[in-house]
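Chain by chain, the residues:
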Amino acid sequence: MYPFSFTKVSDTRGALAAGRRGGRYIAGGTTLVDLMRETVERPGALVDISDLPLRGVTVNERGGLRIGALVRMADAAAHPKVRTTFPVISQALELSASAQLRNMATIGGNIMQRTRCTYFRDVTAACNKREPGSGCAALDGFNRTHAILGTSDDCVATHPSDVAVAFAALDARVHLLDPKGQERSLPFADFLLKPGSTPNREQALRKGELITVVEIPTHPRPLKSGYLKVRDRQSYEFALTSAAVALHIRGGVIREAKVAAGGVGTVPWKLPAVERHLIGERPSKALWTQAAERAADGARPLEHNRFKIELLKRTVERQLRIVGGTA
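Everything in this summary refers to the structure shown in the same document.

## Looking at the sheet that holds strand β6 (residues 173–177)
- The antiparallel open sheet is built from five strands, whose spatial order is β4-β5-β8-β6-β7. One side of each edge strand has no neighbouring strand; the edge strands of this open sheet are β4 (57–59) and β7 (183–187). Ignoring strand direction, the axes of neighbouring strands in this sheet form an average angle of 20°.
- Relative to strand β8 (residues 210–216), strand β5 (residues 65–68) runs antiparallel, the two being bridged by four bridges. Paired with Leu-65 across the two strands is Ile-216, which belongs to β8.

## Some thoughts on the nonpolar core
- In this structure, Ile-89, Phe-167, Leu-278 and Val-316 are the most contacted members of the largest nonpolar core, which totals 67 residues.
- With sequence-adjacent residues up to four places away left out, Leu-278 is seen in contact with Leu-247, Ile-254, Ala-257, Val-259, Leu-287, Trp-288, Ala-291 and Leu-320.
- Of all hydrophobic cores here, the second largest spans 13 residues; its members include Tyr-119, Ala-125, Cys-136 and Val-156.

## Notes on the side chain of Thr-151
- Summarising the element assignment, Thr-151 is placed in the loop between α8 (118–121) and α9 (163–169).
- The buried category is assigned to Thr-151, whose relative accessible area is 19%.
- Non-local contacts of Thr-151, meaning those with residues more than four positions away in its chain, are made with Val-156, Thr-266 and Arg-300.

## A closer look at the sheet that holds strand β3 (residues 45–48)
- Reading across from one edge, β1-β3-β2 is the order of the three strands in this open sheet, with parallel pairing throughout. The two strands at the open ends of the sheet, each matched to only one other strand, are β1 (5–8) and β2 (24–26). The mean inter-strand angle of the sheet, taken between neighbouring strand axes irrespective of direction, is 30°.
- Bridge count for β1 against β3 is four bridges, and the pairing is parallel. Looking at β3, one finds that Lys-8 is bridged to Asp-48.

## Things to note about the pairing of β7
- Of the two faces of β7, the one holding Arg-184 and Leu-186 is buried and the one holding Glu-183, Ser-185 and Pro-187 is not buried anywhere.
- By the bridge criterion, five bridges tie β6 to β7 in an arrangement that is antiparallel. Residue pairing for β7: His-175 is matched across the bridge by Ser-185.
- Connecting β6 to the antiparallel partner β7 that follows it, the hairpin turn spans five residues, and Gly-181 within it adopts a positive phi of roughly 85°.

## Quick word on helix α1 (residues 12–20)
- Buried residues of α1: Ala-15, Leu-16, Ala-17, Ala-18 and Gly-19, and no others.
- Contacts made by the buried residues of α1 are with β2, β3, β6 and β8.
- At the C-terminal side of α1, Gly-22 shows a positive phi close to 105°.

## Regarding the packing of aromatic side chains
- Applying the stated criterion across every chain, the model contains two aromatic pairs.
- Between the aromatic rings of Phe-167 and Phe-188, the centroid separation amounts to 5.7 Å while the plane-to-plane angle is 70°, which identifies the pairing as edge-to-face. Of the two residues, Phe-167 is situated in helix α9 and Phe-188 in helix α10 (residues 188–191); the sequence distance between them amounts to 21 residues. For the residue pair Phe-167 and Phe-188, the accessibility class agrees, reading buried in each case.
- Among the aromatic residues, those joined into a cluster by ring pairs are Phe-167, Phe-188 and Phe-191.
- Stacked on the ring of Phe-86, the Lys or Arg Arg-221 has its end atom at 4.9 Å from the ring centre.

## Quick word on the side chain of Lys-258
- Here Lys-258 lies in strand β11 (residues 253–262).
- Classification of Lys-258 by relative accessible area gives buried; the value is 15%.
- Here Asp-171 takes part through its side chain, which lies 2.7 Å from a polar atom of the side chain of Lys-258.
- Beyond its immediate sequence surroundings of up to four residues, Lys-258 is in contact with Ala-169, Asp-171, His-219, Ala-244, Val-245, Ala-246, Lys-270 and Glu-275.

Cut-offs applied
- Residues numbered from 1 in each chain as written.
- Predicted model: local features only at pLDDT ≥ 70, side-chain atom pairs only at ≥ 80, totals over all residues.
- Heavy atoms only, no water.
- Pairing = 2+ DSSP bridges.
- Helix = DSSP H or I, 4+ residues; strand = E, 2+ residues; numbered from the N terminus.
- Axes fitted to C-alpha atoms, helices over the stretch in contact; angles between N-to-C directions.
- Core = buried A, V, L, I, M, F, W, Y, C linked by side-chain atoms within 4.5 Å.
- Buried < 20%, exposed > 50% of the residue type's maximum accessible area, 1.4 Å probe, protein only.
- Contact = heavy atoms within 4.5 Å.
- Phe/Tyr/Trp six-rings, centres within 6.5 Å; stacked < 30°, edge-to-face > 60°.
- Lys NZ or Arg CZ within 6 Å of the ring centre and 35° of its normal.
- Polar contact = N/O pair within 3.5 Å; in protein donor to acceptor, adjacent residues only side chain to side chain.

Right, dumping it as structure tokens:
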């Protein structure tokens, strides 16, 4: 670990001032500290924001949800409004990491976490995400967790967050505060960036910006939702594939469908072709199978992980059946 300065702030103004000077924000520290120990990350200054008043969880009268950036993952998962309004979020959180980490890690930190690609974390390996222009050892390397969607010639690393997949499916927005105190918000789909030729730039953040809230918009009711994660072991393991599904079914017809996949994309991957196939149709096992066939549209598998296309289709189909009531 390289030397760094450490500042603890008690208000947003102090945090933004420190961020403007180049300090890196830290709260739970469950990802950043690990990367610093491995010398993957080498920040010169850390700003502890854990005392900021960003821990609220609220549901408006129309059913929209706001989760403060510093809400602990465990607290968000257990919150009665989250569990009843958007079960997909609670389930995604409860299938993440370990109980100990969920008690420390925050919502804002979770969506900011960096990839678990072994080449990224091995400082002796070429990695454009870690060192721009150095190359991508993963392109010719072996790793069952590599992405098959949203990849480029410079990066095939997956985004590791589970709850980010739920946020992507639900068309969440990320609210930000810049060092001048100006607020802005971004669609979740625009907040996390595909690698392209600049895989080292992972979020659409400006210098010193602070995440304040993740907002889920109002969705028509009733809304059934859930999260399914396929992994090599049952606890503390990242997804090979996952599926977040939310369906609004009225009069026996699917009126709205929200579907996203994890473990297969360089960012949480929205599946619009699957959604379009579902809307206006009546739930059936045949419909789920037909829709899931579109889950891998545009996939670019590496030779060693072609199995992920079939696994993705099966995961999406299974979760559609669970949420749609025909499992």
